[in-house]
Number of protein chains: 2
Amino acid sequence: MNWSFAADETPASVIEAEAAVWRPLAEAARELVDLCVMSDVDDDEVRAAQADVEAAVARLRKVRRTQTLGQEHLTAGRRRPWGNPVIGLRNPIAPPLEVRSHPDGRAETDFHCGAAYEGPPGLVHGGVVALILDQVLGHSVGAAGRPGMTGTLTLVYRQGTPLGDLRVESWIDREDGIKTWAKARMIGPDGVTAEAEGVFILPRAVRERLSRRP
Amino acid sequence: MNWSFAADETPASVIEAEAAVWRPLAEAARELVDLCVMSDVDDDEVRAAQADVEAAVARLRKVRRTQTLGQEHLTAGRRRPWGNPVIGLRNPIAPPLEVRSHPDGRAETDFHCGAAYEGPPGLVHGGVVALILDQVLGHSVGAAGRPGMTGTLTLVYRQGTPLGDLRVESWIDREDGIKTWAKARMIGPDGVTAEAEGVFILPRAVRERLSRRP
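It should be emphasised that the depicted structure is a prediction, and the values quoted were computed from it without experimental measurement.

### Thoughts on the interface of chain B and chain A
You'll often see interface size given as the accessible area lost when the parts meet.
In step 1: Listed by partner, the interface residues are 82 residues for chain B and 82 residues for chain A.
In step 2: Of the charged contacts in the structure, one is a salt bridge between D34 of chain B and R64 of chain A, with a shortest N-O distance of 2.8 Å.
In step 3: Residue assignment for the side of chain B that touches chain A shows that the elements contributing at least two residues are helix 1 (12-38), helix 2 (43-60), helix 3 (69-75), helix 4 (126-143) and strand 3 (149-157) of chain B.
In step 4: Among the residues forming the side of chain B that touches chain A, the class breakdown is 46 nonpolar, 20 polar and 16 charged.
In step 5: When strand 3 (residues 149-157) of chain A meets strand 3 of chain B, the two strands line up antiparallel, connected through 5 bridges. When the bridges of strand 3 of chain B are listed, V156 of chain A appears paired with T152 of chain B.

Structure representation (C-alpha coordinates):
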(Lines give C-alpha, C1' and ligand atoms only; values in the text may rest on other atoms or scores of the structure.)
Protein backbone atom coordinates (compact mmCIF):
# COMPACT_ATOMS: atom_id res chain seq x y z
CA MET A 1 0.00 0.00 0.00
CA ASN A 2 2.86 2.37 0.68
CA TRP A 3 5.07 1.20 -2.16
CA SER A 4 4.06 3.85 -4.64
CA PHE A 5 6.96 6.28 -4.82
CA ALA A 6 4.98 8.49 -7.18
CA ALA A 7 5.28 12.09 -6.07
CA ASP A 8 2.15 14.05 -5.32
CA GLU A 9 2.56 16.99 -7.68
CA THR A 10 -0.36 18.89 -6.20
CA PRO A 11 0.98 22.11 -4.59
CA ALA A 12 1.18 21.88 -0.79
CA SER A 13 -1.14 24.87 -0.41
CA VAL A 14 -3.86 23.11 -2.41
CA ILE A 15 -3.48 19.93 -0.36
CA GLU A 16 -3.68 21.91 2.88
CA ALA A 17 -6.77 23.80 1.69
CA GLU A 18 -8.44 20.49 0.84
CA ALA A 19 -7.47 19.04 4.22
CA ALA A 20 -8.88 22.13 5.95
CA VAL A 21 -12.30 21.36 4.45
CA TRP A 22 -12.46 17.59 5.03
CA ARG A 23 -10.56 17.18 8.30
CA PRO A 24 -13.15 19.01 10.47
CA LEU A 25 -15.97 16.93 8.96
CA ALA A 26 -14.11 13.71 9.79
CA GLU A 27 -13.36 15.00 13.30
CA ALA A 28 -17.05 15.72 13.91
CA ALA A 29 -17.89 12.27 12.52
CA ARG A 30 -15.34 10.68 14.92
CA GLU A 31 -17.10 12.36 17.85
CA LEU A 32 -20.38 11.03 16.49
CA VAL A 33 -18.97 7.50 16.27
CA ASP A 34 -17.85 7.73 19.91
CA LEU A 35 -21.25 9.05 21.01
CA CYS A 36 -23.13 6.30 19.15
CA VAL A 37 -21.67 3.93 21.76
CA MET A 38 -21.24 6.35 24.70
CA SER A 39 -24.29 8.63 24.64
CA ASP A 40 -27.13 7.97 27.07
CA VAL A 41 -29.65 10.62 26.00
CA ASP A 42 -33.36 9.81 25.79
CA ASP A 43 -35.05 8.31 22.76
CA ASP A 44 -36.38 11.60 21.34
CA GLU A 45 -32.92 13.13 21.43
CA VAL A 46 -31.45 10.09 19.65
CA ARG A 47 -34.08 10.42 16.92
CA ALA A 48 -33.37 14.15 16.53
CA ALA A 49 -29.65 13.40 16.27
CA GLN A 50 -30.43 10.77 13.66
CA ALA A 51 -32.30 13.39 11.62
CA ASP A 52 -29.27 15.72 11.83
CA VAL A 53 -26.96 12.96 10.61
CA GLU A 54 -29.37 12.10 7.79
CA ALA A 55 -29.33 15.76 6.73
CA ALA A 56 -25.52 15.61 6.50
CA VAL A 57 -25.73 12.36 4.55
CA ALA A 58 -28.22 13.91 2.09
CA ARG A 59 -25.81 16.78 1.44
CA LEU A 60 -22.70 14.62 1.01
CA ARG A 61 -24.50 12.11 -1.17
CA LYS A 62 -25.17 14.69 -3.91
CA VAL A 63 -21.85 13.99 -5.63
CA ARG A 64 -20.18 10.62 -5.15
CA ARG A 65 -16.64 9.80 -6.27
CA THR A 66 -16.37 7.20 -9.02
CA GLN A 67 -13.11 5.89 -7.54
CA THR A 68 -12.06 5.41 -3.94
CA LEU A 69 -9.49 7.86 -2.58
CA GLY A 70 -6.84 5.12 -2.81
CA GLN A 71 -7.66 4.37 -6.43
CA GLU A 72 -7.84 8.02 -7.46
CA HIS A 73 -4.61 8.92 -5.76
CA LEU A 74 -2.94 5.98 -7.50
CA THR A 75 -4.32 7.08 -10.87
CA ALA A 76 -3.13 10.60 -10.20
CA GLY A 77 0.33 9.41 -9.18
CA ARG A 78 -0.24 10.59 -5.65
CA ARG A 79 0.44 9.08 -2.28
CA ARG A 80 -2.04 10.58 0.13
CA PRO A 81 -3.61 8.04 2.50
CA TRP A 82 -6.59 10.19 3.51
CA GLY A 83 -9.03 7.29 3.30
CA ASN A 84 -6.95 4.82 5.32
CA PRO A 85 -8.91 3.32 8.25
CA VAL A 86 -5.96 3.76 10.66
CA ILE A 87 -4.25 7.00 9.61
CA GLY A 88 -6.66 8.64 7.15
CA LEU A 89 -7.58 12.21 8.02
CA ARG A 90 -10.85 11.83 6.08
CA ASN A 91 -11.74 8.47 7.63
CA PRO A 92 -13.77 8.60 10.88
CA ILE A 93 -12.89 4.94 11.55
CA ALA A 94 -9.25 6.01 12.00
CA PRO A 95 -8.29 7.31 15.50
CA PRO A 96 -6.29 8.65 13.40
CA LEU A 97 -2.70 7.65 14.08
CA GLU A 98 0.16 10.00 13.30
CA VAL A 99 3.12 7.75 12.67
CA ARG A 100 6.67 9.07 12.82
CA SER A 101 9.11 6.97 10.81
CA HIS A 102 12.86 7.01 10.31
CA PRO A 103 15.10 5.92 7.39
CA ASP A 104 16.37 2.92 9.39
CA GLY A 105 12.84 1.58 9.54
CA ARG A 106 11.98 2.54 13.08
CA ALA A 107 8.49 3.97 13.50
CA GLU A 108 6.47 5.03 16.50
CA THR A 109 3.12 6.56 17.29
CA ASP A 110 1.21 7.72 20.36
CA PHE A 111 -2.55 7.68 20.08
CA HIS A 112 -5.85 7.25 21.87
CA CYS A 113 -8.36 4.38 21.54
CA GLY A 114 -11.80 5.25 22.89
CA ALA A 115 -14.91 3.16 23.52
CA ALA A 116 -15.63 2.57 19.82
CA TYR A 117 -12.60 0.23 19.72
CA GLU A 118 -13.75 -1.91 22.67
CA GLY A 119 -13.69 -5.71 22.49
CA PRO A 120 -13.59 -7.30 25.96
CA PRO A 121 -15.00 -4.93 28.61
CA GLY A 122 -12.68 -1.95 29.01
CA LEU A 123 -10.12 -3.39 26.58
CA VAL A 124 -9.24 -2.69 22.97
CA HIS A 125 -10.57 -5.39 20.59
CA GLY A 126 -7.74 -7.83 19.82
CA GLY A 127 -8.43 -7.40 16.12
CA VAL A 128 -8.09 -3.62 16.41
CA VAL A 129 -4.72 -4.22 18.07
CA ALA A 130 -3.81 -6.30 15.00
CA LEU A 131 -5.10 -3.60 12.63
CA ILE A 132 -3.02 -0.89 14.24
CA LEU A 133 0.14 -3.01 14.51
CA ASP A 134 -0.17 -4.02 10.84
CA GLN A 135 -0.41 -0.38 9.81
CA VAL A 136 2.66 0.70 11.78
CA LEU A 137 4.68 -2.29 10.50
CA GLY A 138 3.86 -1.03 7.00
CA HIS A 139 5.34 2.36 7.88
CA SER A 140 8.55 0.67 9.01
CA VAL A 141 9.12 -1.27 5.82
CA GLY A 142 8.12 1.76 3.74
CA ALA A 143 10.52 4.05 5.60
CA ALA A 144 13.33 1.52 5.14
CA GLY A 145 12.78 1.49 1.37
CA ARG A 146 11.44 -2.08 1.52
CA PRO A 147 7.69 -1.43 1.07
CA GLY A 148 5.20 -4.14 0.31
CA MET A 149 1.99 -5.89 1.14
CA THR A 150 1.76 -8.01 4.26
CA GLY A 151 2.52 -11.68 3.47
CA THR A 152 2.08 -13.06 6.96
CA LEU A 153 1.31 -11.39 10.26
CA THR A 154 1.77 -13.04 13.66
CA LEU A 155 0.40 -11.53 16.85
CA VAL A 156 1.12 -12.57 20.41
CA TYR A 157 -1.18 -11.07 23.03
CA ARG A 158 0.61 -10.65 26.39
CA GLN A 159 -2.18 -8.94 28.35
CA GLY A 160 -5.34 -7.01 27.63
CA THR A 161 -4.81 -3.60 26.02
CA PRO A 162 -6.78 -1.04 28.05
CA LEU A 163 -8.81 1.62 26.24
CA GLY A 164 -7.06 4.99 26.48
CA ASP A 165 -3.64 6.35 25.59
CA LEU A 166 -1.40 3.84 23.83
CA ARG A 167 1.89 3.68 21.97
CA VAL A 168 3.23 1.48 19.20
CA GLU A 169 6.90 1.02 18.32
CA SER A 170 8.01 -0.79 15.19
CA TRP A 171 11.34 -1.69 13.58
CA ILE A 172 12.96 -3.82 10.88
CA ASP A 173 14.16 -7.18 12.17
CA ARG A 174 15.86 -8.58 9.03
CA GLU A 175 15.76 -8.74 5.23
CA ASP A 176 16.31 -11.61 2.82
CA GLY A 177 15.81 -11.16 -0.91
CA ILE A 178 12.28 -9.97 -1.57
CA LYS A 179 11.21 -10.49 2.05
CA THR A 180 11.42 -8.08 4.94
CA TRP A 181 10.64 -9.03 8.55
CA ALA A 182 9.40 -6.22 10.73
CA LYS A 183 8.40 -6.30 14.39
CA ALA A 184 6.21 -4.08 16.51
CA ARG A 185 4.83 -3.86 20.00
CA MET A 186 1.78 -2.21 21.53
CA ILE A 187 2.48 -0.49 24.84
CA GLY A 188 -0.13 0.45 27.45
CA PRO A 189 0.20 1.97 30.92
CA ASP A 190 1.30 -1.43 32.31
CA GLY A 191 3.84 -2.22 29.61
CA VAL A 192 3.80 -4.28 26.44
CA THR A 193 0.34 -5.70 25.69
CA ALA A 194 0.93 -7.31 22.29
CA GLU A 195 3.76 -8.09 19.89
CA ALA A 196 3.61 -8.47 16.14
CA GLU A 197 5.86 -9.80 13.42
CA GLY A 198 5.05 -9.15 9.79
CA VAL A 199 6.66 -10.54 6.66
CA PHE A 200 6.39 -8.10 3.79
CA ILE A 201 6.95 -9.02 0.15
CA LEU A 202 8.58 -6.47 -2.18
CA PRO A 203 6.21 -5.84 -5.08
CA ARG A 204 7.55 -6.43 -8.60
CA ALA A 205 7.57 -2.71 -9.47
CA VAL A 206 9.81 -1.94 -6.52
CA ARG A 207 12.10 -4.91 -7.24
CA GLU A 208 12.60 -3.67 -10.80
CA ARG A 209 13.28 -0.15 -9.60
CA LEU A 210 15.78 -1.36 -7.01
CA SER A 211 17.55 -3.58 -9.58
CA ARG A 212 18.02 -0.59 -11.90
CA ARG A 213 19.92 1.29 -9.23
CA PRO A 214 23.68 1.50 -9.89
CA MET B 1 -14.69 -11.43 25.29
CA ASN B 2 -17.54 -13.84 24.69
CA TRP B 3 -16.84 -16.01 27.71
CA SER B 4 -19.47 -14.44 29.94
CA PHE B 5 -22.29 -16.95 30.14
CA ALA B 6 -24.35 -14.50 32.19
CA ALA B 7 -27.88 -14.36 30.87
CA ASP B 8 -29.32 -11.06 29.78
CA GLU B 9 -32.42 -10.86 31.94
CA THR B 10 -33.79 -7.80 30.17
CA PRO B 11 -37.08 -8.76 28.45
CA ALA B 12 -36.65 -9.24 24.69
CA SER B 13 -39.25 -6.55 23.99
CA VAL B 14 -37.21 -3.99 25.92
CA ILE B 15 -34.03 -4.96 24.11
CA GLU B 16 -35.77 -4.69 20.74
CA ALA B 17 -37.24 -1.27 21.62
CA GLU B 18 -33.78 -0.05 22.60
CA ALA B 19 -32.30 -1.45 19.39
CA ALA B 20 -35.03 0.26 17.37
CA VAL B 21 -33.85 3.63 18.71
CA TRP B 22 -30.08 3.21 18.38
CA ARG B 23 -29.76 1.05 15.26
CA PRO B 24 -31.06 3.73 12.82
CA LEU B 25 -28.66 6.31 14.31
CA ALA B 26 -25.71 3.95 13.81
CA GLU B 27 -26.90 3.15 10.28
CA ALA B 28 -27.01 6.84 9.38
CA ALA B 29 -23.56 7.28 10.95
CA ARG B 30 -22.24 4.37 8.83
CA GLU B 31 -23.46 6.15 5.69
CA LEU B 32 -21.75 9.28 6.95
CA VAL B 33 -18.47 7.39 7.50
CA ASP B 34 -18.65 6.07 3.93
CA LEU B 35 -19.37 9.55 2.54
CA CYS B 36 -16.48 11.12 4.46
CA VAL B 37 -14.22 9.17 2.11
CA MET B 38 -16.50 8.89 -0.95
CA SER B 39 -18.29 12.23 -1.24
CA ASP B 40 -17.07 14.77 -3.78
CA VAL B 41 -19.37 17.72 -3.05
CA ASP B 42 -18.05 21.28 -3.00
CA ASP B 43 -16.50 22.95 0.03
CA ASP B 44 -19.62 24.83 1.14
CA GLU B 45 -21.65 21.63 1.14
CA VAL B 46 -18.97 19.87 3.20
CA ARG B 47 -19.05 22.69 5.75
CA ALA B 48 -22.86 22.57 5.92
CA ALA B 49 -22.72 18.80 6.46
CA GLN B 50 -20.14 19.34 9.19
CA ALA B 51 -22.58 21.72 10.94
CA ASP B 52 -25.31 19.06 10.74
CA VAL B 53 -23.00 16.47 12.28
CA GLU B 54 -21.96 18.91 15.01
CA ALA B 55 -25.65 19.47 15.82
CA ALA B 56 -26.09 15.72 16.27
CA VAL B 57 -22.95 15.59 18.42
CA ALA B 58 -24.26 18.43 20.63
CA ARG B 59 -27.50 16.51 21.23
CA LEU B 60 -25.86 13.18 21.97
CA ARG B 61 -23.24 14.73 24.22
CA LYS B 62 -25.86 15.96 26.72
CA VAL B 63 -25.74 12.69 28.68
CA ARG B 64 -22.64 10.53 28.54
CA ARG B 65 -22.44 7.01 29.92
CA THR B 66 -20.07 6.53 32.86
CA GLN B 67 -19.18 3.03 31.67
CA THR B 68 -18.64 1.68 28.17
CA LEU B 69 -21.36 -0.61 26.81
CA GLY B 70 -19.07 -3.60 27.38
CA GLN B 71 -18.43 -2.66 31.00
CA GLU B 72 -22.06 -1.86 31.74
CA HIS B 73 -23.33 -5.05 30.19
CA LEU B 74 -20.78 -7.00 32.20
CA THR B 75 -21.86 -5.25 35.42
CA ALA B 76 -25.48 -5.97 34.58
CA GLY B 77 -24.74 -9.63 33.83
CA ARG B 78 -25.60 -9.12 30.20
CA ARG B 79 -24.01 -10.26 27.00
CA ARG B 80 -24.98 -7.76 24.36
CA PRO B 81 -22.11 -6.74 22.08
CA TRP B 82 -23.72 -3.56 20.76
CA GLY B 83 -20.52 -1.54 21.01
CA ASN B 84 -18.27 -4.11 19.31
CA PRO B 85 -16.33 -2.59 16.35
CA VAL B 86 -17.07 -5.60 14.11
CA ILE B 87 -20.58 -6.75 15.04
CA GLY B 88 -21.98 -3.95 17.22
CA LEU B 89 -25.32 -2.59 16.06
CA ARG B 90 -24.56 0.72 17.82
CA ASN B 91 -21.02 1.00 16.46
CA PRO B 92 -20.65 2.80 13.09
CA ILE B 93 -17.13 1.35 12.72
CA ALA B 94 -18.70 -2.12 12.42
CA PRO B 95 -19.93 -3.13 8.91
CA PRO B 96 -21.68 -4.76 11.03
CA LEU B 97 -21.18 -8.49 10.61
CA GLU B 98 -23.98 -10.91 11.42
CA VAL B 99 -22.22 -14.13 12.38
CA ARG B 100 -24.06 -17.47 12.35
CA SER B 101 -22.46 -20.03 14.64
CA HIS B 102 -23.08 -23.70 15.37
CA PRO B 103 -22.51 -25.87 18.46
CA ASP B 104 -19.62 -27.69 16.75
CA GLY B 105 -17.77 -24.39 16.49
CA ARG B 106 -18.38 -23.67 12.84
CA ALA B 107 -19.24 -20.04 12.13
CA GLU B 108 -19.81 -18.10 8.96
CA THR B 109 -20.79 -14.62 7.85
CA ASP B 110 -21.45 -12.77 4.61
CA PHE B 111 -20.88 -9.04 4.67
CA HIS B 112 -19.85 -5.97 2.71
CA CYS B 113 -16.67 -3.91 3.09
CA GLY B 114 -16.93 -0.46 1.49
CA ALA B 115 -14.36 2.26 0.81
CA ALA B 116 -13.88 3.14 4.48
CA TYR B 117 -12.04 -0.18 4.93
CA GLU B 118 -9.58 0.44 2.08
CA GLY B 119 -5.86 -0.16 2.54
CA PRO B 120 -4.09 -0.72 -0.81
CA PRO B 121 -6.05 0.82 -3.70
CA GLY B 122 -9.33 -1.07 -4.17
CA LEU B 123 -8.43 -3.62 -1.51
CA VAL B 124 -9.47 -4.15 2.09
CA HIS B 125 -6.76 -3.06 4.58
CA GLY B 126 -4.81 -6.14 5.68
CA GLY B 127 -5.35 -5.15 9.30
CA VAL B 128 -9.11 -4.96 8.76
CA VAL B 129 -8.93 -8.49 7.35
CA ALA B 130 -7.18 -9.48 10.61
CA LEU B 131 -9.79 -7.65 12.71
CA ILE B 132 -12.69 -9.43 11.04
CA LEU B 133 -11.05 -12.87 11.10
CA ASP B 134 -10.22 -12.46 14.81
CA GLN B 135 -13.84 -11.62 15.58
CA VAL B 136 -15.25 -14.63 13.73
CA LEU B 137 -12.68 -16.97 15.31
CA GLY B 138 -14.00 -15.74 18.67
CA HIS B 139 -17.53 -16.77 17.65
CA SER B 140 -16.26 -20.27 16.82
CA VAL B 141 -14.61 -20.88 20.18
CA GLY B 142 -17.59 -19.32 21.97
CA ALA B 143 -20.10 -21.48 20.10
CA ALA B 144 -18.04 -24.59 20.90
CA GLY B 145 -18.16 -23.79 24.62
CA ARG B 146 -14.42 -22.99 24.63
CA PRO B 147 -14.53 -19.18 24.83
CA GLY B 148 -11.52 -17.05 25.61
CA MET B 149 -9.28 -14.19 24.73
CA THR B 150 -6.96 -14.49 21.76
CA GLY B 151 -3.51 -15.71 22.85
CA THR B 152 -1.87 -15.72 19.44
CA LEU B 153 -3.20 -14.95 15.98
CA THR B 154 -1.44 -15.87 12.74
CA LEU B 155 -2.54 -14.52 9.38
CA VAL B 156 -1.42 -15.62 5.94
CA TYR B 157 -2.39 -13.32 3.10
CA ARG B 158 -2.88 -15.25 -0.17
CA GLN B 159 -4.04 -12.40 -2.40
CA GLY B 160 -5.52 -8.94 -2.02
CA THR B 161 -9.07 -8.87 -0.61
CA PRO B 162 -11.17 -6.69 -2.92
CA LEU B 163 -13.60 -4.18 -1.43
CA GLY B 164 -17.18 -5.43 -1.79
CA ASP B 165 -19.07 -8.55 -0.79
CA LEU B 166 -17.04 -11.01 1.25
CA ARG B 167 -17.47 -14.15 3.30
CA VAL B 168 -15.68 -15.60 6.31
CA GLU B 169 -15.81 -19.22 7.43
CA SER B 170 -14.39 -20.37 10.73
CA TRP B 171 -14.07 -23.67 12.61
CA ILE B 172 -12.37 -25.39 15.53
CA ASP B 173 -9.15 -27.16 14.54
CA ARG B 174 -8.21 -28.82 17.87
CA GLU B 175 -8.28 -28.49 21.66
CA ASP B 176 -5.65 -29.28 24.28
CA GLY B 177 -6.25 -28.46 27.93
CA ILE B 178 -6.93 -24.76 28.31
CA LYS B 179 -6.04 -24.02 24.68
CA THR B 180 -8.29 -24.08 21.64
CA TRP B 181 -7.01 -23.71 18.08
CA ALA B 182 -9.48 -22.20 15.63
CA LYS B 183 -9.03 -21.50 11.94
CA ALA B 184 -10.78 -19.15 9.54
CA ARG B 185 -10.59 -18.00 5.97
CA MET B 186 -11.67 -14.85 4.16
CA ILE B 187 -13.28 -15.52 0.78
CA GLY B 188 -13.66 -13.00 -2.04
CA PRO B 189 -15.00 -13.33 -5.58
CA ASP B 190 -11.73 -15.02 -6.65
CA GLY B 191 -11.51 -17.46 -3.75
CA VAL B 192 -9.63 -17.49 -0.46
CA THR B 193 -7.77 -14.23 0.17
CA ALA B 194 -6.46 -14.81 3.69
CA GLU B 195 -6.26 -17.55 6.30
CA ALA B 196 -6.08 -17.18 10.07
CA GLU B 197 -5.26 -19.42 13.00
CA GLY B 198 -6.00 -18.27 16.52
CA VAL B 199 -5.06 -19.85 19.81
CA PHE B 200 -7.59 -19.04 22.49
CA ILE B 201 -6.98 -19.49 26.22
CA LEU B 202 -9.88 -20.57 28.45
CA PRO B 203 -10.31 -17.93 31.16
CA ARG B 204 -10.13 -19.08 34.77
CA ALA B 205 -13.85 -18.50 35.40
CA VAL B 206 -14.77 -20.83 32.56
CA ARG B 207 -12.21 -23.45 33.60
CA GLU B 208 -13.72 -23.52 37.08
CA ARG B 209 -17.21 -23.79 35.70
CA LEU B 210 -16.23 -26.64 33.36
CA SER B 211 -14.43 -28.48 36.21
CA ARG B 212 -17.59 -28.38 38.32
CA ARG B 213 -19.56 -30.21 35.66
CA PRO B 214 -20.36 -33.83 36.57
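Right, picking up where we left off after that structure.
### Concerning the domain arrangement of chain A
All names here are of chain A.
In step 1: Entries for chain A in the domain assignment read domain 1 (1-94) and domain 2 (102-211).
In step 2: Taking only C-alpha atoms into account, the centre of domain 1 sits 23 Å from that of domain 2.
In step 3: Contact residues are listed per partner, giving 14 residues for domain 1 and 14 residues for domain 2.
In step 4: For the pair domain 1 and domain 2, the summed buried surface comes to about 1,200 Å²; carbon and sulfur atoms form 70% of the total.
In step 5: The interface formed by domain 1 and domain 2 contains 0 salt bridges.
In step 6: In this assembly, domain 1 and domain 2 are joined by 2 residue pairs in polar contact (both at pLDDT 80 or more).
In step 7: Looking at side-chain class alone, the side of domain 1 that touches domain 2 contains 11 nonpolar, 2 polar and 1 charged residues.

### As for the packing of helix 2 (residues 43-60) of chain A against helix 2 of chain B
In step 1: Two elements in contact, helix 2 of chain A and helix 2 of chain B, have axes whose closest approach is 8 Å; the angle formed by their N-to-C orientations is 170°. Taken together, helix 2 of chain A and helix 2 of chain B sit at an angle that is classed as roughly antiparallel. Contact residues: E45, V46, A48, A49, D52, V53, A55, A56, R59 and L60 of chain A in helix 2 of chain A; E45, V46, A48, A49, D52, V53, A55, A56, R59 and L60 of chain B in helix 2 of chain B.
In step 2: Looking at the contact of helix 2 of chain A with helix 2 of chain B residue by residue, the class counts come to 14 nonpolar, no polar and 6 charged.

### Here's the deal with the relation of the copies chain B and chain A
Taken together, a rotation about one axis and a shift along it account for how the two chain copies relate.
In step 1: Note on the identical chains: chain B maps onto chain A by a rotation of 180° and an axial translation of 0.0 Å, with an RMSD of 0.0 Å. The two molecules are tied by a two-fold rotation axis, judged by turn and shift. Relative to the rotation axis, the closest C-alpha in chain B is found at T154 of chain B, a distance of 2.2 Å.

### What about the side chain of T161 of chain A?
Residue and element names in this part refer to chain A.
In step 1: Note on placement: T161 falls in the loop between strand 3 and strand 4 (164-176).
In step 2: In this structure the side chain of T161 is engaged in a polar contact, spanning 2.8 Å, whose partner is the side chain of T193.
In step 3: Those residues in contact with T161 that sit more than four places away from it in its chain are G122, L123, V124, V129, L166, M186 and T193.

### Examining the confidence of the model for chain A
In step 1: The predicted model of chain A has a mean per-residue pLDDT of 93, with 96% of residues at 70 or higher.
In step 2: Note on residues 1-5 of chain A: pLDDT is under 50 here. Beyond four places in sequence and across chains, it has 24 contacts.

### Quick look at the nonpolar core
In step 1: Core analysis: the biggest nonpolar cluster contains 81 residues, and I132 of chain A together with I132 of chain B have the highest contact counts within it.
In step 2: With sequence-adjacent residues up to four places away left out, I132 of chain B is seen in contact with V86, L97, F111, C113, V168 and M186 of chain B.
In step 3: Listed in part, the 30 residues of the second largest apolar core include L32, L35, V46 and L60 of chain A.

### A closer look at the pairing of strand 2 (residues 107-113) of chain A
A regular strand places its side chains so that they alternate between the two faces of the sheet.
Residues and elements named next belong to chain A.
In step 1: Burial analysis of strand 2 places 5 of its 7 residues in the buried class, the great majority of the element.
In step 2: With 2 bridges joining them, strand 1 (residues 100-101) and strand 2 adopt antiparallel strand pairing. Residue pairing across strands places R100 opposite E108, the latter belonging to strand 2.
In step 3: Hairpin remark: strand 1 followed by strand 2, antiparallel, with 5 residues in the connecting loop; positive phi at G105, about 95°.
In step 4: Of the pairings in the sheet, the one linking strand 2 to strand 4 comprises 7 bridges and is antiparallel in character. Its bridge partner lying in strand 4, F111 is registered against L166.

### Digging into helix 4 of chain B
The α-helix advances 3.6 residues per turn, and as a result positions three or four apart in sequence lie on the same side.
All names here are of chain B.
In step 1: Along its 18 residues, helix 4 runs 26 Å from first to last C-alpha, staying within 8% of the 26 Å computed at 1.5 Å per residue.
In step 2: Of all 18 residues that make up helix 4, 17 are buried, and the element is covered over most of its length.
In step 3: G145, located one to two residues past helix 4, shows a positive phi value of around 75°.

### Notes on the pairing of strand 6 (residues 191-201) of chain A
Residues and elements named next belong to chain A.
In step 1: For strand 3 and strand 6, the ladder comprises 8 bridges, and the chain directions are antiparallel. Residue pairing for strand 6: T150 is matched across the bridge by F200.
In step 2: Judged from the 10 bridges that link them, strand 5 (residues 179-188) and strand 6 form a sheet pairing that is antiparallel. Residue pairing across strands places W181 opposite V199, the latter belonging to strand 6.
In step 3: The antiparallel pairing of strand 5 with strand 6 creates a hairpin that spans 2 residues between the two strands.

### Topic: the pattern of salt bridges
In step 1: Throughout the structure, instances matching the rule amount to 40 salt bridges over all chains.
In step 2: E45 of chain B is paired through a salt bridge with R59 of chain A; the nearest N and O atoms lie 2.9 Å apart. Remark: R59 of chain A occurs in helix 2 and E45 of chain B occurs in helix 2; the pair is interchain, linking two chains.
In step 3: The partner of R100 of chain B in a salt bridge is D110 of chain B, and the shortest N-O contact between them spans 2.9 Å. Taken together, the residues span a long stretch of sequence, with R100 of chain B in strand 1 (residues 100-101) and D110 of chain B in strand 2 (residues 107-113) at a distance of 10 residues.
In step 4: Overall, R100 of chain B belongs to the partly exposed group, its relative accessible area being 38%.
In step 5: Taking the relative accessible area as the measure of exposure, D110 of chain B reaches 43% and is therefore partly exposed.
In step 6: Through salt bridges with shared partners, one network takes in R100, E108, D110, R167, E169 and R185 of chain A.

Here is what the cut-offs are and how they apply
Residues numbered from 1 in each chain as written. Chains lettered and ligands numbered in written order. Predicted model: local features only at pLDDT ≥ 70, side-chain atom pairs only at ≥ 80, totals over all residues. Heavy atoms only, no water. Contact = heavy atoms within 4.5 Å. Salt bridge = Lys/Arg side-chain N within 4 Å of Asp/Glu carboxyl O. Helix = DSSP H or I, 4+ residues; strand = E, 2+ residues; numbered from the N terminus. Nonpolar A, V, L, I, M, F, W, Y, C, P; charged D, E, K, R; others polar. Pairing = 2+ DSSP bridges. Domains from an automatic or database assignment. Buried area = accessible area lost by both parts, 1.4 Å probe. Polar contact = N/O pair within 3.5 Å; in protein donor to acceptor, adjacent residues only side chain to side chain. Axes fitted to C-alpha atoms, helices over the stretch in contact; angles between N-to-C directions. Parallel < 35°, antiparallel > 145°, perpendicular 65-115°, else oblique. Least-squares fit on C-alpha atoms with pLDDT ≥ 70 in both. pLDDT = per-residue confidence, 0-100. Core = buried A, V, L, I, M, F, W, Y, C linked by side-chain atoms within 4.5 Å. Buried < 20%, exposed > 50% of the residue type's maximum accessible area, 1.4 Å probe, protein only. Expected span 1.5 Å × (residues − 1).

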